[in-house]
Amino acid sequence: MIYLNNAATSWPKPETVYQAHDAYLRHLSGSVNRGAGGASLDAGRAVLETRELLAGFFNIREPEQVIFTPNATEALNLALQGLLEPGDHVVISSLEHNAVARPLHALQEKGVEYTIVNCDSRGRLNPGDVERAIGPRTRLICLTHASNVTGTILPVNEVGEIARRHHLQYLVDTAQTAGEIPVDVEAAGITLLAFTGHKGLLGPPGTGGLYIRYPDAIRPLIYGGTGSRSEHLTQPEVLPDKYESGTVNAPAIAALGAGVRFIRETGLNNIRRHTMELTARLLEGLRRLPGVTLYGPPDSGERVPVVSLNIRGLSPGEASAWLADHYDIVTRPGLHCAPLAHQTIGTLQTGTLRLSPGFFNTAAEIEAALAAIKELTEVIQGE
Amino acid sequence: MNELVLLTFPSIFYALRAEKVVQGAGLRGRLIPVPRELSSLCGLALELDPAEAGRALYLLQATGIVPERKVRAVKEGPCLKNISDIL
Ligand SMILES: Cc1ncc(COP(=O)(O)O)c(C=O)c1O
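Scoring rules and cut-offs
Residues numbered from 1 in each chain as written. Chains lettered and ligands numbered in written order. Predicted model: local features only at pLDDT ≥ 70, side-chain atom pairs only at ≥ 80, totals over all residues. Heavy atoms only, no water. UniProt positions renumbered as here; feature names shortened; annotations may be inferred. Helix = DSSP H or I, 4+ residues; strand = E, 2+ residues; numbered from the N terminus. Rg over C-alpha atoms; globule rule 2.2 N^0.38 Å. Buried < 20%, exposed > 50% of the residue type's maximum accessible area, 1.4 Å probe, protein only. Contact = heavy atoms within 4.5 Å. Areas by Shrake-Rupley, 256 points an atom, 1.4 Å probe, with all protein chains shown as cover. Lys, Arg positive; Asp, Glu negative; His and termini not counted. Charge placed at Lys NZ, Arg CZ, Asp CG, Glu CD. Pairing = 2+ DSSP bridges. Axes fitted to C-alpha atoms, helices over the stretch in contact; angles between N-to-C directions.

- Named according to an unreviewed UniProt entry, chain B is Putative Se/S carrier protein-like domain-containing protein originating from Neomoorella thermoacetica.

- Looking up chain A in an unreviewed UniProt entry gives the name cysteine desulfurase, with the organism given as Neomoorella thermoacetica.
- The UniProt entry for chain A carries the following text under Cofactor (unreviewed entry): "pyridoxal 5'-phosphate".
- The heading Catalytic activity (unreviewed entry) in the UniProt record of chain A holds the text "(sulfur carrier)-H + L-cysteine = (sulfur carrier)-SH + L-alanine".

## Topic: the overall build of chain A
At step 1: Check the secondary structure of chain A and you find twelve helices and 13 strands.
At step 2: By the compact-globule yardstick of 21 Å for 383 residues, chain A fits well, its C-alpha radius of gyration being 21 Å.
At step 3: For the C-alpha atoms alone, the extent of chain A along its principal axes is close to 75 × 55 × 35 Å.
At step 4: The buried share of chain A, reckoned over its 383 residues, is 58%.
At step 5: Counting only contacts in chain A whose residues sit at least 6 apart along the sequence, the fraction spanning at least 24 positions is 69%.
At step 6: For chain A, the accessible area works out to roughly 15300 Å², and carbon and sulfur atoms hold 51% of it.
At step 7: Averaging the positions of the 32 positive and the 40 negative side-chain charges in chain A gives two centres separated by 2 Å.

## Brief notes about the sheet that holds strand 4 (residues 113-117) of chain A
Through backbone hydrogen bonds, the strands of a sheet pair up, either in parallel or in antiparallel fashion.
Residue and element names in this part refer to chain A.
At step 1: Strand order in this open sheet of seven strands is 2-8-7-6-5-3-4, and the pairing throughout is mixed. With one partner strand each, in any of the chains shown, strand 2 (66-69) and strand 4 form the two edges of the open sheet. Direction aside, neighbouring strands of the sheet carry axes that sit 20 degrees apart on average.
At step 2: Here strand 5 (residues 138-144) runs beside strand 6 (residues 169-173); their pairing, made up of five bridges, is parallel. Bridged to Cys142 within strand 6 is Leu171.
At step 3: Sheet strands touched by helix 3 (residues 72-83): strand 2, strand 5, strand 6, strand 7 (192-196) and strand 8 (208-212). Its angle to strand 7, the strand with the most contacts, is close to 160 degrees.

Shown next, in the form of structure tokens:
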């Protein structure tokens, strides 16, 4: 199998991730905050370790401000639903995932308003347009760090400077960038950072989180037992307990820690160099194929390893199925949960076929995928 | 006499971090279940050697970890006796 669907979830994972998951699930599955038995304490230590690793990875000063959630979607919901109040206004880009667009759409009923700033047809965002969309009631700018459809990397530092100047909260969705390119909350002035564990961070599904710079401004999404101050019915204010009720997924979080450690040991720049080479090779090969339309910026340096395309005369679903059936190549067709992005690039009706290489793909696999797509275009043209 | 120093914390996160900081500096420190009379905050206390408590407290302060309570106590079998706060 040639797996080119890493933007959905990365595969395979580093061996140490499988090992950590197995070890913690097998031996140390104790609930983290419930009692002081040896095993449950070790689970607690593993969660602390991963929290500290992630804080270092994103240049976050206080590790307790890293809150674990089951995925980026819940992290984004916590940020949006925890922060916004009736009358608040939000500025977002036209590349946002439904994990942002749907909560905001639902919050409209509570009197929250938002403005969508349009990106160009390659997914590029002009920071000046973001600044022009800010009004007197604007409370938050929310931006995806990179599009999961076009791969375009958005100018998070420039927009962060605008947020800082206007004293706004700044939420960045790093689902497509964490583990791919550097993410630095200080450099970008990020006050809320959502991440997912199962993509570039090379961890298992069921992991993700939100960095909360100003916890006083964010209400919890979930209330319940934290193993602390148990005699009080009010939710504790202390972090991370305020936002982490219920048993956390300690084995998966320990495995996520192994993923982050793998990235650190390999070097993010080495990972980036490899995936950029694969992406450049893919883009170059696809550009030579007649009947193939490519989306997103032409230069692989402007994007994460995500390539969207369409083949004339064929729907993305048909193309994806053909590649799977004939070549055992895994791709993803459709709207990728981001209708705003497809509207931006003019593919809302059809969707696109998405190929997303990862660190464990090889140049030979990219060549094989290119040969398969070439053959597919020839089959179509022959008809 | 079996004297010890116990620190309690506002949450398990701080208790675990405190243990890591103290052990990382080569000092003795281990987390034990805390009697409810002492604290109900997170169920864990960091047990320190009284001879090393001063250094441990200094280290924690430097790391920004603030214990909720600092007490001296005497262990008699499973019981803690003569609990007194350290100022
Ligand atoms: C840009 C973006 N945001 C959010 C998500 C949601 O991530 P998760 O699956 O962790 O909820 C995804 C991935 O599906 C994504 O690509």
